[in-house]
Amino acid sequence: MQTLASFIILLSLLSLIMNIQAQVTYRYHFCTNSTTFTRNSTFQENLDVLLSSLSSNSTHLSGFYNTSAGQVSDNVYGLFLCRGDLSTDVCKDCVTLATQAIIQRCPTQREAIIFYDECLLRYSNQFIFSRMAQEPVLYLLNSQNITDQERFNEIVDTTMDDTALQAANASAGKKFAIKKVNITQSQSLYTLAQCTPDISVSVCGQCLQLAISRLPGCCSGKQGGRVLFPSCNIRYEIYEFYNATALPPPPPPPAVTRPQGKVDFALSFVSVNYDEYSDMFLYSHRKKRLGFGEVYKGIMSNGQAIAVKRLSKNSFQGAEEFKNEVLLVAKLQHRNLVRLLGFCLEGEEKILVYEFVPNKSLDYFLFDPEKRRQLNWPRRYKIIEEIARGILYLHEDSRLRIIHHDLKASNILLNEDMHPKISDFGMAKIFGVDQTLGNTSRIVGPYGYMSPEYAMHGQFSVKSDVFSFGVLLLEIICGKKNSSFYQTDGGEDLVSHIWKHWRNETPFEVVDSVLRDSYSRNEVLRCIQIGLLCVQEDPSDRPTMAKIVLLFSSYSVTLPIPQQPAFFLHSKSGQIMPGNGLDSEQSTNKSVSWSVDEGSITEVYPR
């Protein structure tokens, strides 16, 4: 009878575990192999106590709990975070399963994390509370493509920014937010953002913005995508994947009142009163949206045309820091930089005023089948040279040392004579990135232009801009977008395509077909070689902007032979792989990207 009773209990436990597994969905786990413990050691005893404590507190109303066990060298810290829209029962089931699974998957590791759709659980022998953790990172994506990718990506970016801001400022013990916006009459976008509640509002905002900046690299144009860090995570889909009824409705937005009297543009050399500011918007129209806000064409009351950037309110920077940095950037003057005329700072409103550049941006001409015919080779060569001189000014010749962080064709404006003017050259600095440091938690810039050390690890230098310049230079030669190239050429990106032709001694096959034979073969060959030197994997191998400008101005200087460039290959399965050919399981670096193609995972997609 005792044996039968034990068997019945065992069956009940197995049934319970199987029922829990049916309700929660495992995604991935990471084990740190560098530090391990021996079985039956004091550390394992402490870990068992910790996991038991996490499981016992899994009904916490906030869906979050952290604790520690042990002392000194054998101390272990742990936490769990459940998705903010789920019930306490689902949270309990997920945490219970996670405490069992993490021991099975990481049996002797002192540091581990496991991700489910419904929760994450993490422990470490290092103190992990109230600190932002960006590694390891997990990318998940829906392999189905969106038709109008450019518009969809813009909606995702805007909506995720709003969701992140709401999550960072959420109350009731949860840093969690969801949002729904209409894409078309029949299709909607659903977004989610969440942080562990132990980090501050500003740190949560930084973590979520970093996650959002990774979306173009993993999930551009896809119907769904996620970026999961230990301290925060984001997700978007075109179906309702969360339980919206479990959350209270968001508070109504605060009433906006028009300030009275005069509000000066804070300038060292120009002053404009509020009435002129109002007139400007009476005649303005929206031009386009960039990563930091909306851009308008404005007309001042004296008839002067200006470009007005209304910055996103998602900046967590203080007003005084913003004011001081804008005043510094306003002093930068170079013929190939768009001139910042001033700014207005009133409450949450942050307005930047630039000189108006009439011929739009380089991408408007370069990537249009007809308009790019206006860019003959002499004009393109001149544009390349002048962009290089503008970047050199930012890096070495100005009173500030500024790293642009966001070089791309859409940030190169063209004046009435088609001379290039670099725009947004102060954005990274204005938004709180300390230019003297070697890394940052706020990754800005488009995927494809970003150097690998910056995109993957947040490490930046002037050589990060050199990499972006190299990609831009190659785009100007080819007349093709780096981002769209691989979608139509069997998975290749533009840089690897050009490298293949360079290696095969057929470099002229990559030249824009509208140029035909009207270009200088020596100049084109030199430009291709300079571009490949700029995109080399090791930053120390890339030339400085001073060297690049010299190479353009003097043919007597011998060009080095470029090494294989740093690039990412997009496989047809949707995975993202580093250019060195290693997948994430082969690599010993825990920050290596990992992408899972959800097309091969069972999920319900409504028709």
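Residues numbered from 1 in each chain as written. Predicted model: local features only at pLDDT ≥ 70, side-chain atom pairs only at ≥ 80, totals over all residues. Heavy atoms only, no water.

S.K.: What is the right way to read the pattern of salt bridges from this model?
M.R.: Two side chains carrying opposite charge are able to pair once their charged atoms lie near each other. According to the stated counting rule, one finds 8 salt bridges in the structure shown. Residues R373 and E370 are paired through a salt bridge, measuring 3.7 Å at the closest nitrogen-oxygen approach. E370 gets classed as exposed once you look at its relative accessible area, which sits at 55%. Across the pair D512 and R372 runs a salt bridge whose closest N-O atoms are separated by 2.9 Å. One end of the pair, D512, is in the loop between helix 14 (494-503) and helix 15 (521-534); the other, R372, is in the loop between helix 8 (362-366) and helix 9 (377-397), and 140 residues separate them in sequence. Overall, the relative accessible area of 15% leaves R372 in the buried class. Each of the salt bridges in this network shares a partner with another, and the network as a whole consists of R27, D117 and R226. (Salt bridge = Lys/Arg side-chain N within 4 Å of Asp/Glu carboxyl O. Buried < 20%, exposed > 50% of the residue type's maximum accessible area, 1.4 Å probe, protein only. Helix = DSSP H or I, 4+ residues; strand = E, 2+ residues; numbered from the N terminus.)

S.K.: Mind showing me how you'd approach the confidence of the model for the protein here?
M.R.: Any segment with low pLDDT has predicted coordinates that should not be analysed in fine detail. Across the protein, the average pLDDT comes to 77, with 74% of residues at or above 70. Long-range and interchain partners of residues 431-438, a stretch whose pLDDT sits below 50, account for 23 contacts in this model, where long-range means more than four residues apart. Residue range residues 568-607 is modelled with pLDDT below 50. Its contacts to residues more than four positions away, or to other chains, number 82 contacts. (pLDDT = per-residue confidence, 0-100. Contact = heavy atoms within 4.5 Å.)

S.K.: Can you walk me through the nonpolar core in this structure?
M.R.: Core analysis: the biggest nonpolar cluster contains 75 residues, and L362, I387, F469, L473, I548 and F552 have the highest contact counts within it. Residues contacting L473, with those up to four places away along its chain left out, are I384, C527, I528, I530, G531 and F552. Ranked by size, the runner-up nonpolar core spans 32 residues in total, among them I146, I183, A193 and C207. (Core = buried A, V, L, I, M, F, W, Y, C linked by side-chain atoms within 4.5 Å.)

S.K.: Please clarify how the sheet that holds strand 1 (residues 26-31) should be interpreted in this entry.
M.R.: Working definition: the strands of a sheet are paired by backbone hydrogen bonds and lie parallel or antiparallel to each other. Within the open sheet, the 5 strands sit side by side as 1-4-5-3-2. Their pairing is antiparallel. A strand with exactly one partner marks an edge of an open sheet, and here the two such strands are strand 1 and strand 2 (64-69). Pairs of neighbouring strands in the sheet enclose a mean axial angle of 5°, with direction left out of account. Judged from the 6 bridges that link them, strand 2 and strand 3 (residues 76-82) form a sheet pairing that is antiparallel. In the sheet register, N66 faces strand 3, and the bridge partner there is L79. The strands that helix 3 (residues 88-105) touches are strand 1, strand 3, strand 4 (112-116) and strand 5 (119-124); relative to strand 4, the one it contacts most, it runs at about 135°. (Pairing = 2+ DSSP bridges. Axes fitted to C-alpha atoms, helices over the stretch in contact; angles between N-to-C directions.)

S.K.: I would appreciate a short explanation of the state of the cysteines in the present structure.
M.R.: A covalent bond between the sulfur atoms of two cysteines is what we call a disulfide. This model, assessed by the stated rule, comprises 6 disulfides. Each sulfur of the disulfide joining C31 and C106 lies 1.8 Å from the other. Because the torsion about its S-S bond is -70°, the bridge between C31 and C106 counts as left-handed. Of this pair, C31 sits in strand 1 while C106 is found in the loop between helix 3 and strand 4, placing the two residues 75 residues apart along the sequence. Looking at C31, the relative accessible area reads 23%, which means it is partly exposed. Disulfide partner of C82: C91, at an S-S distance of 2.0 Å. Its torsion about the S-S bond being 75°, the disulfide of C82 and C91 is classed as right-handed. Across the protein, the disulfide pattern expressed with sequentially numbered bonded cysteines is 1-5, 2-3, 4-6, 7-8, 9-12, 10-11. (Disulfide = S-S within 2.5 Å.)

S.K.: Got a minute to help me understand the packing of helix 12 (residues 462-478) against helix 16 (residues 545-553) in this structure?
M.R.: Think of two packed helices as two axes; the pair is described by the angle between the axes and how far apart they sit. It is at 11 Å that the axes of helix 12 and helix 16 come closest, and there the two elements cross at 35°. For the pair formed by helix 12 and helix 16, the contact residues are V466, F469 and L473 on the first element and M545, I548 and F552 on the second.

S.K.: What is the right way to look at the packing of aromatic side chains in this model?
M.R.: One pair of aromatic rings is described through two measures. These are the centre distance and the angle between the planes. Going through the model one piece at a time under the given rule, you end up with 16 aromatic pairs. Ring centres of F30 and F115 lie 6.4 Å apart, and the angle between their planes is 90°; on these two criteria the pair is classed as edge-to-face. Of this pair, F30 sits in strand 1 while F115 sits in strand 4; the two residues are 85 residues apart in sequence, bridging distant segments of the chain. Each of the two residues, F30 as well as F115, counts as buried. Their ring planes at 40° and their centres at 5.8 Å tell us that W377 and Y381 sit as a pair that is tilted. Within this pair, W377 and its partner Y381 are both found in helix 9, separated by 4 residues, close to a single helical turn. We note that W377, like Y381, is buried. (Phe/Tyr/Trp six-rings, centres within 6.5 Å; stacked < 30°, edge-to-face > 60°.)

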